[in-house]
Number of protein chains: 2
Amino acid sequence: MVNEPHSASNGSASSRSDGSSSGSEGSKDSSRCSTPVLDAERHERLREKMRRRYDSGDKWFSLEFFPPRTANGAVNLISRFDRMGMGGPLFIDVTWHPAGDPGSDKETSSMIIANTAVNYCGLETILHMTCCNQTKEEITGHLQKAKRLGLKNIMALRGDPIGEEWEEEVEGFNYAVDLVKHIRCEFNDYFDICVAGYPKGHPEAESYEADLRHLKEKVSAGADFIITQLFFRSETFLAFMKDCQAIGITCPIVPGIFPIQGYHSLRQLVKLSKLEVPQEIKEVIEPIKDNDAAIRNYGVELAVSMCRELLDSGMVSGLHFYTLNREVATTEILKRLGIWKEDPRRPLPWAVSAHPKRRVEDVRPIFWASRPKSYIHRTQEWDDFPNGRWGNSSSPAFGELKDYYLFYLKSKSPREELLKMWGEELMSEESVFEVFTCYISGEPNREGQKVTCLPWNDDPLAAETNLLKEQLEKVNRRGILTINSQPNINGKPSTDPIVGWGPSGGYVFQKAYLEFFTSSENITALLKVLKTKKYELRVNYHIVNVRGENITNAPDLQPNAVTWGIFPGREIIQPTVVDPVSFMYWKDEAFALWIEQWAKLYEEESPSRMIIQYIHDNYYLVNLVDNEFPLENCLWQVMEDTFELLNCPTEQ
Amino acid sequence: MVNEPHSASNGSASSRSDGSSSGSEGSKDSSRCSTPVLDAERHERLREKMRRRYDSGDKWFSLEFFPPRTANGAVNLISRFDRMGMGGPLFIDVTWHPAGDPGSDKETSSMIIANTAVNYCGLETILHMTCCNQTKEEITGHLQKAKRLGLKNIMALRGDPIGEEWEEEVEGFNYAVDLVKHIRCEFNDYFDICVAGYPKGHPEAESYEADLRHLKEKVSAGADFIITQLFFRSETFLAFMKDCQAIGITCPIVPGIFPIQGYHSLRQLVKLSKLEVPQEIKEVIEPIKDNDAAIRNYGVELAVSMCRELLDSGMVSGLHFYTLNREVATTEILKRLGIWKEDPRRPLPWAVSAHPKRRVEDVRPIFWASRPKSYIHRTQEWDDFPNGRWGNSSSPAFGELKDYYLFYLKSKSPREELLKMWGEELMSEESVFEVFTCYISGEPNREGQKVTCLPWNDDPLAAETNLLKEQLEKVNRRGILTINSQPNINGKPSTDPIVGWGPSGGYVFQKAYLEFFTSSENITALLKVLKTKKYELRVNYHIVNVRGENITNAPDLQPNAVTWGIFPGREIIQPTVVDPVSFMYWKDEAFALWIEQWAKLYEEESPSRMIIQYIHDNYYLVNLVDNEFPLENCLWQVMEDTFELLNCPTEQ
């Protein structure tokens, strides 16, 4: 939000009692819920989370982004969401760009960016929405779509009139307050509504006082909280906040912070917002206006000191940042303020979606551990999540994944970079082994390039995988092409920085897991080893090729829990399972990634492409679970025994 | 079964293909099931279990009982079922006494005894049923009732004709084969059907060969297996078995073993069955006919050696015992044969019901740990069991328990014995403390009487409770009247003889649990202790009085898992929970037992009765869970701290 014309309407405020008492979706949440509640906040709506922070005095922040202009920009923005999500924002918001077809299905639309943030990045998200120059039907359509996608929060704005002249439409949406009323009228209490506040008064308002009254109207019409326009001095906000309280505005008011990040962006913003930059700031900036780094450093200093003043005032617990879609300055400010969560507690071992429908989700197959967005995509039509799904007799019925082009499923790296990492030209299967080995070891490949991702892992090694690095490197060199693994854990505190998750005071457990592709010769030896007395009751295996030929010793197609946690006053949580049924869906995806993400980098008929195609056609996908979680992981010994058998086949 | 007239019908055998392919209930079981399968047999029907034993060569036994004559006899028989069930019979069967109104709801009827064995004792049960002198409607009615009660197996018999003359009815049920056909016709594959075989031929048959043909007709009509009439020499059975095979009878044939237990019972049996006792047996018995112990010893020897011959033949894996409702001889024979399971593996920490509807049950509140029959009774109307019930948002809606008179819920001890244990006359609350203390310690009370049960515990201390004996004794002396407890367990093997359960290769865990009644003065001190920093996050508590005044620190009414197990290739099992909602149902039952089982032993208005009534009206029921299962149980320290506070109230 940069500029939001205020309401000049004098209509009497519609009274609304405490929002938490009405609304069918909201009230359900307070009853005994169907799955163990690990994280109370997961079941709360945004206004409740905010209220909880205000009550407890815990400091928090939120982040504003605008939709990207290009498809590549969208891919980048989503990985920025993932990275900045690590810092633990209470929410993010996505602005509404009327010129960019904001309600459409384009990957750059406001609607789709917000959808991705909620569903695929697991971020509590506010979607901005403007109302002027739109029909009631258009607006209702946008709101219905937002609801359908799982969005729960709207920032209700007027938006800029088209052209110079501003004409009020009778019965139309002339002001933000009209949109607030419309949302409450049509959607009752479903959405949390945010409105804009202007610490200096709206530039079009008759007066500062008149603008305050308009703000109060918006709140009375049903807004749950206020985010302010940017300002340059903490006194400006604190005075505004007192004035709001004086006229009876009691909802949370979140100050909007604009870190100065460059000369031109500041000038443009000032022009749009019609704000005046204080003289003391101008005096610092003008002399360094061509030195971007210097301006950014100054901006960071300025923001940090202003934020400190706000937090120290005791009137502010949350800060809203206008990021301009950039990462560095905001992250630095947050870290210096100490409100960036360096080690955010994982609520579950995997990234939780913020869709209200998925709040009961508490178990997933381990196969998608590195591809959570794909898992969410393929299960989006599921009506319920386990308990429910994984204890159910019906097959999980995953949606197909043919949509590798979807921007939130695409690799973050462009083709040229992938080729540098995975080889411009492959000589043999061994070239592929080397790529896997370099990914694990972190050593550069022959061309001196680090391999930071694989088709199955778009991110560097997880911290817990690092624990297994040495052994993984060894087996990958030998053509055991690992794509997923976890160490066994026998009751570490849930606060453990590497393997912990869930609320504090609990204990987490894991069975050792290893998943890899390998050749059919290796499979023959591996199977002999797995069938020896030493392992047959201890290790569960699933072995499958691209044609679905399947070898397993799993009993009765039952899921095997491989991650679980015990918490005070709770049922057992078992968030990750090895499920034989879903493994068959995963294998389609895992094999397809060889072709979709790797083979297709090369010309058709090229030797490189044929090598990948050969692996796709002939290798097996294997998963192994060592059920003896209190003992030393035996899977490395299984590998050793297999290699030994391959070396001396006649001796066995 | 003592005497079963055979079929003389020559009707062609109705052909029936393999039973396992038809039948809606049966086929469902093979699909992926809704709860983790711990014990494959739990989901199998009797014929499958039997087939599995035949295939594996594992030896097994089964036990035959007849319905009791009196209500007291029924109470005794049910506790005999519980005790003999410990030995691990593959099934028991209950004979059909036409004279005893066998299909009625009387506690002594065949139907109700079989119902109790299945539902309350968790025993796979065959109900005998005879057909002669009954209408089709009567028979169908009995079968429908059996099905409704969860009975799955019928022994189809003709029964004795009334009076001396035997008249064949056209269209009627003249022979067992008619009943077999009727069951298959009306109930398809729902029931497993057993029929009787006569190793010496039926006394009414034209010939041994003709009798074999009649047996084959019964099998062809749909019988799943055969149990034989008793015999005195192993050769008799082995020859019979070969003859059966020779004419194409391929179903299992189980030899019926009759341990001679007394002179008169042998004579009566021989008269009914029209069998001849071999000379060598007569010669031994006649001289000792007045010495019961000697005859029983001889009978045990004889049965052991005959059973050994049968098992050694390689043709027999299971033995069926005519117990005559007695325990000693049969148990001794089984122990000497080595087929009595001294330490039967518990499939779950609590006794599993054998009702087909409850096969998915895998979690219960810990409160009913010592009253499993009451839990089953109160939840019999539940359509589903968890996952389902305990993860569900609705309250469990327990049936009320006002039926303390029900024979399977009654104390095994008569009033006089209870008075001796619990005090002919109580002096004060301290007299009650003493009763509890004696129950825990095993020491005799003032009258020199051991206290072997309490209203909440009809059995002596469980093995795992014994681990806590010393501390329990101490706190009971001080008026902490414990009725339920378990130690914490941090990953013991599932085969542990005291705390183990479930299949081998797993690990079991427990949180320490303590449940007790105590005075309101103690509660005040206890609550102060529980709210100290040391315990507030570690110990969950529920404290309630008879009026339902309730104090708890449990979050969101969620169940707390207090027993769980991790097994190879399985999901986590959490069979026991402390559930805040069901605790309010349990407290009604727990408080009512003071009155129903204890106060009512005394005259109205008597001081003893008033003491119990006072406790009922004023004490609180408390449960405590120590969530820190890997550390030393802190609940004893909680008690210590409470006592200390009570001793020096001013210091705190």
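Reading guide: rules and limits
Starting from 1, residues in each chain are numbered consecutively following that chain's sequence as written. Chains and ligands are labelled by the order in which they are written, letters from A for the one and numbers from 1 for the other. pLDDT decides what is reported in this predicted model: residues at 70 or higher carry local features, side-chain atom pairs at 80 or more are listed and counted, and totals for whole chains, interfaces and linings draw on all residues regardless. In computing side-chain values, all of the structure's heavy atoms are included and hydrogens and water are not. What counts as a helix is a DSSP run of H or I of at least four residues, what counts as a strand is a run of E of at least two, and both are numbered from the N terminus. For each residue, the accessible area found with a 1.4 Å probe, counting protein chains only, is set against the maximum for its type, and the residue is called buried under 20%, exposed over 50%, and partly exposed in between. The contact definition used throughout considers only heavy atoms, calling two residues in contact when any of these lie within 4.5 Å. Note on areas: Shrake-Rupley, 1.4 Å probe, and residue coverage restricted to the protein chains presented here. Whether two strands pair comes down to DSSP finding at least two bridges between them. The aromatic pairing rule takes the rings of Phe, Tyr and Trp, using the six-membered ring of Trp, and pairs them if the centres are within 6.5 Å, calling planes under 30 degrees apart stacked, those over 60 edge-to-face and the rest tilted. Our definition puts a charge over a ring when NZ of Lys or CZ of Arg is within 6 Å of the ring centre and also within 35 degrees of the ring normal. Here a polar contact means two N or O atoms within 3.5 Å. Within protein one must be a hydrogen donor candidate and the other an acceptor candidate, and residues neighboring in sequence count only if both atoms are side-chain atoms. For every domain, the bounds stem from an assignment made automatically or drawn from a database. By convention, the term buried area covers the 1.4 Å-probe accessible surface removed from two parts as they join, with the contributions of both added. When a carboxyl oxygen of Asp or Glu is within 4 Å of a side-chain nitrogen of Lys or Arg, the pair counts as a salt bridge. Residue classes follow a fixed rule: Ala, Val, Leu, Ile, Met, Phe, Trp, Tyr, Cys and Pro count as nonpolar, while Asp, Glu, Lys and Arg count as charged, and any other residue, Gly among them, counts as polar. Axis lines are fitted through C-alpha atoms, for helices just across the contact stretch, and the angle between N-to-C directions can take any value from 0 to 180 degrees. Our angle categories are set so that under 35 degrees counts as roughly parallel, over 145 as roughly antiparallel, 65 to 115 as roughly perpendicular, and the remainder as oblique. Each crossing is labelled by how the near helix is turned from the far one, with a counterclockwise turn of less than a right angle marking it left-handed and a clockwise turn marking it right-handed.

### Things to note about the overall build of chain A
Part 1 of the argument: Secondary structure summary: chain A contains 22 helices and 18 strands in total.
Part 2 of the argument: Counting all 652 residues of chain A, 59% fall into the buried class.
Part 3 of the argument: Put simply, of all contacts in chain A between residues at least 6 apart along the chain, 74% involve residues at least 24 apart.
Part 4 of the argument: Approximately 27000 Å² of chain A is accessible, and the part contributed by carbon and sulfur atoms is 48%.

### Regarding the pairing of strand S10 (residues 481–486) of chain B
Residue and element names in this part refer to chain B.
Part 1 of the argument: The element S10 is largely enclosed, with a buried count of 6 among its 6 residues.
Part 2 of the argument: Judged from the 5 bridges that link them, S10 and strand S13 (residues 512–518) form a sheet pairing that is antiparallel. Residue pairing across strands places Asn484 opposite Glu515, the latter belonging to S13.

### Side note on the packing of aromatic side chains
Each aromatic ring pair is characterised by the separation of its centres together with the angle its planes make.
Part 1 of the argument: In the structure shown here, the tally under the stated rule is 61 aromatic pairs over all chains.
Part 2 of the argument: Between the aromatic rings of Phe231 of chain A and Phe237 of chain A, the centroid separation amounts to 5.5 Å while the plane-to-plane angle is 25°, which identifies the pairing as stacked. In this structure, Phe231 of chain A and Phe237 of chain A share a single accessibility class: buried.
Part 3 of the argument: Seen in terms of ring centroids, Phe187 of chain B and Phe191 of chain B are 5.4 Å apart; in terms of plane orientation they differ by 70°. Their pairing is edge-to-face.
Part 4 of the argument: For Phe191 of chain B, a relative accessible area of 0% corresponds to the buried category.
Part 5 of the argument: Chaining the aromatic ring pairs together yields one cluster made of Tyr507, Phe509, Trp564 and Phe629 of chain A together with Tyr507, Phe509, Trp564 and Phe629 of chain B.
Part 6 of the argument: Between Lys147 of chain A and the ring centre of Tyr190 of chain A, over which it is positioned, the NZ or CZ distance is 4.8 Å.
Part 7 of the argument: In this arrangement the basic side chain of Arg478 of chain B is found over the ring face of Phe643 of chain B, its NZ or CZ atom lying 4.2 Å from the centre.

### Some details on the environment of His202 of chain A
All names here are of chain A.
Part 1 of the argument: Structurally, His202 is set in the loop between strand S5 (192–197) and helix H7 (208–220).
Part 2 of the argument: Once the C-alpha coordinates of His202 and Leu467 are considered, the two residues, 265 residues apart in sequence, prove to be 56 Å apart.
Part 3 of the argument: Within the local environment of His202, its side chain forms a polar contact with the backbone nitrogen of Glu204, the two atoms lying 2.9 Å apart.

### Regarding the environment of Arg326 of chain A
Residue and element names in this part refer to chain A.
Part 1 of the argument: The topology assignment puts Arg326 in the loop between strand S8 (318–322) and helix H12 (328–337).
Part 2 of the argument: Arg326 sits 236 residues away from Val562 along the chain, and the two C-alpha atoms are 38 Å apart.
Part 3 of the argument: Aside from chain neighbours lying at most four places away, what touches Arg326 is Arg80, Met84, Gln261 and Ser265.

### Some points on the domain arrangement of chain A
All names here are of chain A.
Part 1 of the argument: The assigned domain composition of chain A is domain 1 (40–262 + 302–337) and domain 2 (364–646).
Part 2 of the argument: For domain 1 and domain 2, the distance between their C-alpha centroids amounts to 40 Å.
Part 3 of the argument: Between domain 1 and domain 2 lies a buried interface of about 960 Å² when both sides are counted; carbon and sulfur atoms form 67% of it.
Part 4 of the argument: Where domain 1 meets domain 2, there are 1 salt bridge.
Part 5 of the argument: A salt bridge links Asp82 to Lys373; its shortest N-O distance comes to 2.6 Å.
Part 6 of the argument: Applying the counting rule to domain 1 against domain 2 returns 2 residue pairs in polar contact (both at pLDDT 80 or more).
Part 7 of the argument: At the level of elements, helix H3 (71–85) and helix H4 (110–119) are the ones that each hand at least two residues to the side of domain 1 that touches domain 2.
Part 8 of the argument: With 5 residues, the top contributor of residues to the side of domain 1 that touches domain 2 is H3.
Part 9 of the argument: Classifying every residue of the side of domain 1 that touches domain 2 by side-chain character gives 7 nonpolar, 3 polar and 2 charged.

### Description of helix H18 (residues 520–530) of chain B
Part 1 of the argument: By the burial criterion, the buried members of H18 of chain B are Asn522, Ile523, Ala525, Leu526, Leu527, Val529 and Leu530 of chain B.
Part 2 of the argument: Buried-residue contacts for H18 of chain B involve S13, helix H19 (533–536), strand S14 (539–545), strand S15 (550–552), strand S18 (620–626) and helix H22 (635–647) of chain B.

### Quick word on the packing of H7 of chain A against helix H8 (residues 234–246) of chain A
The description of two helices packed together rests on the angle between their axes and the distance between the axes.
Residues and elements named next belong to chain A.
Part 1 of the argument: Closest axis-to-axis distance for the H7/H8 pair is 10 Å, and the angle between their directions is 60°. Overall, the two elements H7 and H8 adopt an arrangement that is oblique. Considering only the axes of H7 and H8, their crossing is right-handed. Across from Tyr208, Leu212 and Leu215 in H7, the residues of H8 making contact are Ala239, Phe240, Asp243 and Cys244.
Part 2 of the argument: Broken down by class, the residue content of the contact of H7 with H8 amounts to 6 nonpolar, no polar and 1 charged.

### Here's the deal with the environment of Pro68 of chain B
Part 1 of the argument: In this fold, Pro68 of chain B is placed in the loop between strand S1 (60–65) and helix H3 (71–85).
Part 2 of the argument: Apart from residues lying up to four places away in sequence, Pro68 of chain B is in contact with Gly73, Ala74, Leu77, Thr108 and Ile113 of chain B.

### Section: the side chain of Asp579 of chain A
All names here are of chain A.
Part 1 of the argument: Positionally, Asp579 belongs in the loop between strand S17 (573–578) and helix H20 (580–598).
Part 2 of the argument: On the basis of relative accessible area, Asp579 is assigned to the buried category, the value being 0%.
Part 3 of the argument: Polar contacts involving the side chain of Asp579 include one to the main-chain amide nitrogen of Ser582, which spans 2.6 Å.

### Observations concerning the sheet that holds strand S16 (residues 560–566) of chain B
Residues and elements named next belong to chain B.
Part 1 of the argument: The mixed open sheet is built from 5 strands, whose spatial order is S9-S17-S16-S12-S11. Each end of this open sheet is capped by a strand with a single partner; those strands are strand S9 (364–365) and strand S11 (489–493).
Part 2 of the argument: As judged from the 4 bridges shared by S16 and strand S17 (residues 573–578), these two strands associate in the antiparallel manner. What sits directly across from Gly565, in S17, is Ile573.

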